[in-house]
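A structural walkthrough
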Amino acid sequence: MATIKMNRAKSAAAAISYALGANRMKQETKDWLIEHGCPPDALKGNDRAVVRSGINISPTYANAEMKAVRQHANGDTVKNQAVRIIQSFSADDLDITTPENWQKCNDIGYEFARRSFGGVDDESKESYYPPYQIAVYTHVDGKGHKLHNHIIVNKTNLNDGKQWTVDNLDQEWRSFREINDAVCREYGLKITQERSKKVKKTISERELELKGQYVWKNDLRTRIDEALAEIKKKNINLEDALKARGVDVRRRGQNGISYAFIDEEGKKRISRGKRLGTNYERESVDGYEQEIKQQREQQERAREATRSVRLDARRQAIDAVQKHQRHVERCIGTSRGRIERFGARKQAIIALVRSLQQAVDRSIALMKRLRADFERRKAEMKRFQDKIKKLDSIKSYQDLERQMRLVAKVAEQSKKTAAPKAIVAVTLRDELPENSSNPLIAATADMTQYLVMIDQGVWSGRQFEFSGREKEALEKATPEQLKKINGIAKRQAKRLSGIVDEAVERQKKNAERLRAVRNRGKRYRR
């Protein structure tokens, strides 16, 4: 994997001089490369830069060309004249003993610099070159014996003469790192997870790792990692977990922490947390331990909340069931009350119907009695007429005719005056209008007319019946109404009886007058 480092250079000339390294290749570097299989013919030059390239510049004369551009733009008064980027490759990516990899390393650096300060057109997808002077130098020396590029960028823009500026160099470095990873992928290099400062390793540690030798700091990191993993699973503190693994931890001051243990070689080793990496500093360790503690507390609160929710849910369910049961009981009680009231109303209606039926029966019985009384009076009238007939014999036809005319005149007068007066008297007495649309009043008037006709002796003997509407009204009438109708009927019968009796008495008097007139005639004839 290729890594990059980025910083500003106050002097572009110094940065180029170091990167070009004319006649500065050390003999011990050549010997190490030849010893590890590098062809001697590839090491004929003495410059540190084994491969060089440039964008908008000649890498051999980069110092003079960059200086001329700066002087033309601003008189070479820039405080930080250049940007320096170091691009390193691990031995797994590019073998430093193979000369072909030197050119590949420089090509990767060239493409990385072009994209970082230039780019690719989004529409045409064609590459375009940056408006800066960039020199790329590939080195094979160094303590770690890794291929690496020195990329020097003149900060003066060729188009407008302005300086390349960036507000946050760290953010810019992150964007450059993404470009570096993309270029490395295109050249077939593996991109592993970023090696950050969370784990710090010196060059000597990495050389021992490459040789496969024991590194005591790696052993210490492993023990600390295992202890941190254990306190996450078990409810123990970090000191006990480290002590079980032979590591003594000591916290010093507010931010200091150190670890001590006996390594595999029997030597006592002590290291501060910041020497191992940010993962092992006091802030990280205490924060990790505090986070685990908070997680346990949250889990405990969650369990308590779950139990509380379950109890609340159970209590709410019981309350809901009891409430529903009370509601059902109230509904049953209400329904029972309604049923009882309905039964009482039904019994009241049945009793009312029975009372109406009894009232109708009593009315019919009354009518029957009235009819019997009519028949009796009719018989009396017949007997009265028979008596009249049995009076003294009539001497002449003229007397008989005169008597019949007189009886007819009395009967006609009684029929025209007495009966209507009786009807009017009955209806007005009870404050009932004549010819009313009320069926009960009409039935009373019919009964009155019936009784009048009986008392007058003009009833032909046909069966008396109420109309259908009057019958329906009588059936629906209340007991008080029926009682009132019966009272009216009785009063009418009584009045009509008096009228009939009065008519009979008048007839008797008329007969006596007729008889007296006849007797006077007899006396006169004598």
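Residues numbered from 1 in each chain as written. Predicted model: local features only at pLDDT ≥ 70, side-chain atom pairs only at ≥ 80, totals over all residues. Heavy atoms only, no water.

Moving on, we get to the overall build of the protein chain. From N to C terminus, the protein chain includes 14 helices and 10 strands. Out of the 526 residues in the protein chain, the part that is buried amounts to 34%. Put simply, 69% of the contacts in the protein chain that link residues at least 6 apart link residues at least 24 apart. Accessible surface, the protein chain: about 33,600 Å² in total, of which carbon and sulfur atoms supply 49%. (Helix = DSSP H or I, 4+ residues; strand = E, 2+ residues; numbered from the N terminus. Buried < 20%, exposed > 50% of the residue type's maximum accessible area, 1.4 Å probe, protein only. Contact = heavy atoms within 4.5 Å. Areas by Shrake-Rupley, 256 points an atom, 1.4 Å probe, with all protein chains shown as cover.)

Sheet strands line up and pair through hydrogen bonds in the backbone, either parallel or antiparallel. Across the sheet, 3 strands lie side by side as β8-β9-β10; this open sheet has antiparallel pairing. What marks the edges here is a single partner per strand, and that holds for β8 (247-252) and β10 (268-272). Averaged over all pairs of adjacent strands, the angle between their axes in this sheet comes to 20°, without regard to strand direction. Strand direction decides the pairing type here: β8 and strand β9 (residues 256-262), joined by 6 bridges, are antiparallel. Paired with arginine 250 across the two strands is serine 258, which belongs to β9. Contacting β8, β9 and β10, helix α7 (residues 216-233) runs over the sheet at an angle of about 110° to β9. (Pairing = 2+ DSSP bridges. Axes fitted to C-alpha atoms, helices over the stretch in contact; angles between N-to-C directions.)

Take the confidence of the model for the protein chain next. The predicted model of the protein chain has a mean per-residue pLDDT of 78, with 75% of residues at 70 or higher. Within the protein chain, strand β6 (residues 134-139) carries the highest mean pLDDT (95), whereas helix α11 (residues 397-429) carries the lowest (49). Overall, residues 391-401 carries pLDDT values under 50, and its contacts beyond four positions in sequence, including any with other chains, amount to 9 contacts. In the model, residues 415-432 has pLDDT below 50 throughout and makes 26 contacts with residues more than four positions away in sequence or in other chains. (pLDDT = per-residue confidence, 0-100.)

Okay, the sheet that holds strand β7 (residues 148-154) next. Pairing is antiparallel across the open sheet formed by 5 strands, whose spatial order is β1-β3-β7-β6-β2. Of all strands in the sheet, those with a lone pairing partner are β1 (2-9) and β2 (49-55), marking the two edges. Adjacent strand axes in the sheet meet at a mean angle of 15° when their direction is disregarded. Against the sheet, helix α4 (residues 99-117) touches β1, β2, β3 (82-89), β6 and β7, its axis set at about 25° to β2.

Here we take up the nonpolar core. Counting 18 residues, the largest nonpolar core has Leu220, Ile224, Leu238, Leu242 and Tyr259 as the members making the most contacts within it. Of all the secondary structure elements, the ones that give two or more residues to this core are α7, α8 (238-243), β8, β9 and α10 (282-389). (Core = buried A, V, L, I, M, F, W, Y, C linked by side-chain atoms within 4.5 Å.)

One can describe the packing of helix α1 (residues 12-20) onto helix α3 (residues 62-74) by two numbers: an axis separation of 9 Å at closest approach and a directional angle of 165°. Our classification of the angle between α1 and α3 gives roughly antiparallel. Crossing angle aside, the handedness with which α1 passes α3 is right-handed. In this structure, α1 uses Ala12, Ala13 and Ile16 to contact α3, whose residues at the interface are Ala62, Asn63, Met66 and Arg70. In terms of residue class, the contact of α1 with α3 is built from 5 nonpolar, 1 polar and 1 charged. (Parallel < 35°, antiparallel > 145°, perpendicular 65-115°, else oblique. Left-handed = near helix turned anticlockwise from the far one by under 90°. Nonpolar A, V, L, I, M, F, W, Y, C, P; charged D, E, K, R; others polar.)

Attention shifts here to the pattern of salt bridges. Tallying each qualifying case throughout the model produces 17 salt bridges. Residues arginine 251 and glutamate 239 are paired through a salt bridge, measuring 2.2 Å at the closest nitrogen-oxygen approach. Linking arginine 251 in strand β8 with glutamate 239 in helix α8, this pair joins segments that are 12 residues apart in sequence. Aspartate 263 is the salt-bridge partner of arginine 269, the closest N and O atoms lying 2.9 Å from each other. (Salt bridge = Lys/Arg side-chain N within 4 Å of Asp/Glu carboxyl O.)

Moving on, we come to a positive patch on the surface. A cluster of basic residues, Arg250, Arg252, Arg272, Lys274 and Arg275, forms a positive patch on the protein surface. For the positive patch, the elements supplying multiple residues, two or more each, are β8 and α9 (273-276). Along the chain, the position of arginine 272 falls in strand β10. (Patch = residues over 30% accessible without salt bridge, like charges linked within 9 Å, V, L, I, M, F, W, Y side chains within 5 Å. Lys, Arg positive; Asp, Glu negative; His and termini not counted. Charge placed at Lys NZ, Arg CZ, Asp CG, Glu CD.)

Here we take up the side chain of arginine 48. In this structure, arginine 48 sits in the loop between α2 (27-35) and β2. Relative accessible area serves as the criterion here: at 11%, arginine 48 is assigned to the buried category. Among all residues touching arginine 48, those that are not within four sequence positions of it are Tyr18, Leu20, Gly21, Arg24, Met25, Thr138, His139, Val140 and Asp141.

Applying the stated criterion to the full structure yields 5 aromatic pairs. Relative to phenylalanine 176, the ring of phenylalanine 112 has its centre 6.2 Å away and its plane inclined at 90°; by these criteria the two rings are edge-to-face. Taken together, the positions of phenylalanine 112 in helix α4 and phenylalanine 176 in helix α5 (residues 169-186) put the pair 64 residues apart, joining distant regions of the chain. Given the relative accessible area of 2%, phenylalanine 176 is considered buried. Here a set of aromatic residues connected by ring pairs shows up, and it is made of Phe112, Phe117, Tyr132, Trp164 and Phe176. Its end group placed over the ring of tyrosine 18, arginine 48 keeps NZ or CZ at 4.3 Å from the ring centre. (Phe/Tyr/Trp six-rings, centres within 6.5 Å; stacked < 30°, edge-to-face > 60°. Lys NZ or Arg CZ within 6 Å of the ring centre and 35° of its normal.)

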